[in-house]
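# Topology and contacts: notes
In case you want the letters, here they are:
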Amino acid sequence: MTATAMKKEMDTMAWQKVCTKVDLVEFSGVAAWLETADGPAQVAIFYLPGQGNELFALDHHDPFSNANVIARGIVGDLKGAAVVASPIYKQHFRLEDGQCLEDEDVKLRTWKIEFKGDEVWVEG
């Protein structure tokens, strides 16, 4: 990738405020709308207070059921990794990298996410 192409790609990715800390539910998910370079996307945000990494942002779209439901999944731990189980067919996705544990060929998109004070910001 050329320097010009890298700069253009970086310019299209912008941090966006998606909610505040009070909008989050501990050890659960909420859905948010995010503007990306590829168009709007629904993002599932998970808040795990007290963990090394407290915030995670994944695709809200479940590729197995073709429904936007990931934020409604059950958060848990499998083999030492924080995961969310899809509420439809129960596939598990690692919160850290979106990898499906039942099918190595399936991976949810992830975004950088962080607190800025009490606001939740995602890089789109």
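Our structure's up above, just so we're on the same page.
Residues numbered from 1 in each chain as written. Predicted model: local features only at pLDDT ≥ 70, side-chain atom pairs only at ≥ 80, totals over all residues. Heavy atoms only, no water.

Within the structure shown, the criterion is met by two aromatic pairs. Their ring planes at 90 degrees and their centres at 5.7 Å tell us that Tyr47 and Phe115 sit as a pair that is edge-to-face. With Tyr47 in strand β3 (residues 39-47) and Phe115 in strand β11 (residues 113-116), the pair connects residues that are 68 residues apart, well separated along the chain. Where Phe64 meets Phe93, the ring centres are 6.3 Å apart and the plane angle is 40 degrees; that geometry is what we call tilted. Here Phe64, found in the loop between β5 (61-62) and β6 (67-68), pairs with Phe93, found in strand β9 (residues 92-94); they are 29 residues apart in sequence, far enough to count as distant. Under the relative-accessibility criterion, Phe93 is labelled buried at 0%. Looking at Lys21, its charged tip hangs above the ring of Phe115, at a distance of 4.9 Å from the centre. The cationic tip of Lys116 hangs over the ring face of Trp121; the distance from NZ or CZ to the ring centre is 4.6 Å. (Phe/Tyr/Trp six-rings, centres within 6.5 Å; stacked < 30°, edge-to-face > 60°. Helix = DSSP H or I, 4+ residues; strand = E, 2+ residues; numbered from the N terminus. Buried < 20%, exposed > 50% of the residue type's maximum accessible area, 1.4 Å probe, protein only. Lys NZ or Arg CZ within 6 Å of the ring centre and 35° of its normal.)

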